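What follows is the residue order along each chain.
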Amino acid sequence: MTRAVIFALASVLLTSAAVAHHGWGSYDANKPVTITGPILSSKFENPHATITVRASDKVWTVTLAPTSRMSTRGATEKVVAVGQDVSAYGYPSTVEKDEMRAERITVNGKTYEMR
Amino acid sequence: MTDAAPAIFVALEQSGFAAAIRQSPWLYPAANVGHIVFLTLFAGAIAVMDVRLLGGLSAAAPGPLLARTRNVALAALAGMAVTGSLLFSAEASHLALNPVFQLKAVLFAAGLINVAIYQFWAKPAVEHLAPGASMPARAKVTGALSLVIWIAVAACGRSIAYF
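Numbers given to residues run from 1 along each chain, matching the order in which its sequence is written. Here chains are named by letter from A upward and ligands by number from 1 upward, in the order in which they appear as written. Where local features are concerned, this predicted model is filtered to residues with pLDDT of at least 70; where side-chain atom pairs are given and counted, the filter is 80 or more; whole-chain, interface and lining totals use all residues. By convention in this description, side-chain values take in all heavy atoms of the structure and omit both hydrogens and water.

A. Fine view of the overall build of chain B. Helix and strand definitions follow DSSP, with helices as H or I runs of at least four residues and strands as E runs of at least two, each counted in order from the N terminus. A count of helical and extended segments in chain B gives seven helices and zero strands. Taken over the C-alpha atoms alone, chain B extends approximately 55 × 30 × 25 Å along its principal axes. Each residue gets one of three labels from its accessible area relative to the maximum for its type: buried under 20%, exposed over 50%, partly exposed in between, using a 1.4 Å probe on protein chains only. Taken across its 163 residues, chain B has 39% of its residues classed as buried. Contact between two residues is taken to exist if any of their heavy atoms lie within 4.5 Å; hydrogens are not considered. Within chain B, counting contacts between residues at least 6 apart in sequence, those at least 24 apart form 74% of the total. Shrake-Rupley sampling with a 1.4 Å probe provides the accessible areas, and residues are treated as covered by the protein chains on show and by no other component. Here chain B has roughly 8,100 Å² of accessible surface; of this, 73% comes from carbon and sulfur atoms. Counting 9 positive and 5 negative side-chain charges, chain B places the centres of these two groups 16 Å from one another. Positive: Lys, Arg. Negative: Asp, Glu. His and the chain ends are not part of the count. Here the site of a charge means atom NZ of a Lys, CZ of an Arg, CG of an Asp or CD of a Glu.

Given below as structure tokens:
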């Protein structure tokens, strides 16, 4: 009885862990977008840095990576500062309006991977 | 930040305390790691207690075993409360509206209610039993509920980021 319960619970736990593979689930990877424009605001904060960008169609909120990962890859606070021109490739949120999660961003001709 | 959340959560997220957590390069990741380390301690202690309540580990008298593992569980729970508060404060408005976080909160409350039920209903029937004695049904019920509820709480916690 005890073993059966433990086995059942372990199965549930492992299955749910596999389903929740990574935190990109609420972004539509089938509709990638590239937005380009000046950075209007920048929050270099955990758990993810975010910027807002005035693109040609609207102002996007762009979710980036944790600050330590950003810094490690060279995308420091100065790189994603207000006023910089940025190009962001990523996926629009299926939950938040006008929000996207960037796979990579390009600033001053240099590309930084966010994943 | 989302204004759709109740004002208290918006205010918490906008507080200097929450901003400090977000702006520190190490505080949020440290709380994240600490939360999981305390979770493993908590889960280990809970598993020993619940398996004993279900009739396993029967060579040990239930009273002393449960008392000692409970101390570990309580200490780990305190650690999770501290680290969890940091993680919650940083993103309070979103988390308050996150369906998985809400489910976790409900399950957490259920877990605490189960602790109270155990305390008043099952513990008196268990704590003086000898090693090898068969466990009463009330011990098995609360033990099984505890296993199911706390594992579900942990699964919800790990799933918050994906919703």
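Structure shown, so let's carry the discussion forward.
B. Spatial organisation of the side chain of Thr63(A). All names here are of chain A. On the secondary structure map, Thr 63 appears in strand β3 (residues 59-63). Polar contact criterion, stated in full: a pair of N or O atoms within 3.5 Å, where within protein one must be able to donate a hydrogen and the other to accept it, and residues adjacent in sequence count only if both atoms are side-chain atoms. For Thr 63, the side chain forms a polar contact with the side chain of Glu 99, separated by 2.6 Å. Apart from the residues lying within four places of it in its own chain, the contact partners of Thr 63 are Tyr 27, His 48, Ala 49, Thr 50, Glu 99, Met 100, Arg 101 and Ala 102.

C. Geometry of the confidence of the model for chain B. Looking at any residue, its pLDDT shows the predictor's confidence there, from 0 to 100. Looking at chain B as a whole, the pLDDT averages 96, with 100% of positions reaching at least 70. Reported confidence for the predicted complex is 0.81 by ipTM and 0.84 by pTM.

D. Representation of a nonpolar patch on the surface in the model. All names here are of chain B. The patches described consist of residues with a relative accessible area above 30% and no salt bridge, like charges being joined within 9 Å and nonpolar side chains (Val, Leu, Ile, Met, Phe, Trp, Tyr) within 5 Å. Salt bridges are identified by distance alone: a Lys or Arg side-chain nitrogen within 4 Å of an Asp or Glu carboxyl oxygen. On the surface, a nonpolar cluster with roughly 440 Å² of combined accessible area is contributed by Ile 113, Ile 117, Trp 121, Val 141 and Leu 145. Among the secondary structure elements, those contributing two or more residues to the nonpolar patch are α6 (99-126) and α7 (137-159). For the nonpolar patch, the leading source of residues is α6, giving three residues.

E. Main features of unusual backbone geometry. Here the amide bond leading from Asn46(A) into Pro47(A) is cis, since omega sits at 0°, within 30 degrees of zero. In this model, Asp98(A) sits at a positive phi of 60°, which is unusual for a non-glycine residue. Secondary-structure assignment places Asp98(A) in the loop between β4 (85-92) and β5 (99-107). In this structure Asp98(A) comes out as partly exposed when scored by relative accessible area, which is 23%. Located in the positive-phi region is Leu57(B), a residue other than glycine, with phi close to 50°. Relative to the elements of secondary structure, Leu57(B) occurs in the loop between α3 (27-53) and α4 (62-90). Owing to a relative accessible area of 46%, Leu57(B) belongs among the partly exposed residues under this scheme.

F. Seen up close, the nonpolar core. We define the nonpolar core as a collection of buried residues of types Ala, Val, Leu, Ile, Met, Phe, Trp, Tyr and Cys that are connected through side-chain atoms lying within 4.5 Å of one another. If you look at the biggest cluster of nonpolar residues, it comprises 24 residues, and the most contacted ones within it are Phe42(B), Leu53(B), Leu66(B), Ala73(B) and Val126(B). Breaking this core down by element, the ones donating at least two residues are α3, α4, α5 (92-97), α6 and α7 of chain B. Excluding residues within four positions of it along the chain, Leu53(B) makes contact with Leu66(B), Tyr118(B), Val126(B), Met135(B), Ala139(B), Lys140(B), Thr142(B) and Gly143(B). Counting residues in each nonpolar core, the second largest holds 23 residues, with Ala49(A), Val62(A), Leu64(A) and Val79(A) among its members.

G. Representation of the packing of helix α1 (residues 7-14) of chain B against α4(B) within the structure. Residue and element names in this part refer to chain B. Between α1 and α4, whose axes approach to 7 Å, the crossing angle comes to 100°. By the criterion of interaxial angle, the relationship of α1 to α4 is roughly perpendicular. Only Phe 88, Ser 89 and Ala 90 of α4 make contact with α1, whose side of the interface consists of Phe 9, Leu 12 and Glu 13. Partitioned by chemical class, the residues of the contact of α1 with α4 number four nonpolar, one polar and one charged. In this description, a line fitted to the C-alpha atoms serves as the axis of each element, helices being fitted only across the stretch in contact, and the angle between N-to-C directions of two axes falls anywhere from 0 to 180 degrees. An angle counts as roughly parallel when it lies under 35 degrees, as roughly antiparallel when it exceeds 145, as roughly perpendicular when it falls between 65 and 115, and as oblique in every other case. Put simply, Ala, Val, Leu, Ile, Met, Phe, Trp, Tyr, Cys and Pro go in the nonpolar bin, Asp, Glu, Lys and Arg in the charged bin, and everything else, Gly too, in the polar bin.

H. The environment of Arg69(A), seen in detail. Residue and element names in this part refer to chain A. Topologically, Arg 69 is positioned in helix α2 (residues 67-72). As for Arg 69 and Arg 115, which are separated by 46 residues in sequence, their C-alpha atoms are 8.9 Å apart. Setting aside residues no more than four positions away along its own chain, Arg 69 makes contact with Met 114 and Arg 115.

I. A look at the packing of aromatic side chains. Residue and element names in this part refer to chain B. Two rings from Phe, Tyr or Trp (for Trp, the six-membered ring) form a pair when their centres sit within 6.5 Å of each other. Planes less than 30 degrees apart are called stacked, planes more than 60 degrees apart edge-to-face, and all others tilted. Scanning the entire structure with this criterion turns up five aromatic pairs over all chains. Seen from their ring centres, Phe 42 and Trp 150 are 5.2 Å apart, and the 85° between their planes marks the pair as edge-to-face. A residue pair is termed long-range when its members are at least 10 positions apart, and Phe 42 in helix α3 and Trp 150 in helix α7 qualify at 108 residues. Between Phe 108 and Trp 150, the ring centres sit 5.7 Å apart and the planes meet at 75°, which makes this aromatic pair edge-to-face.

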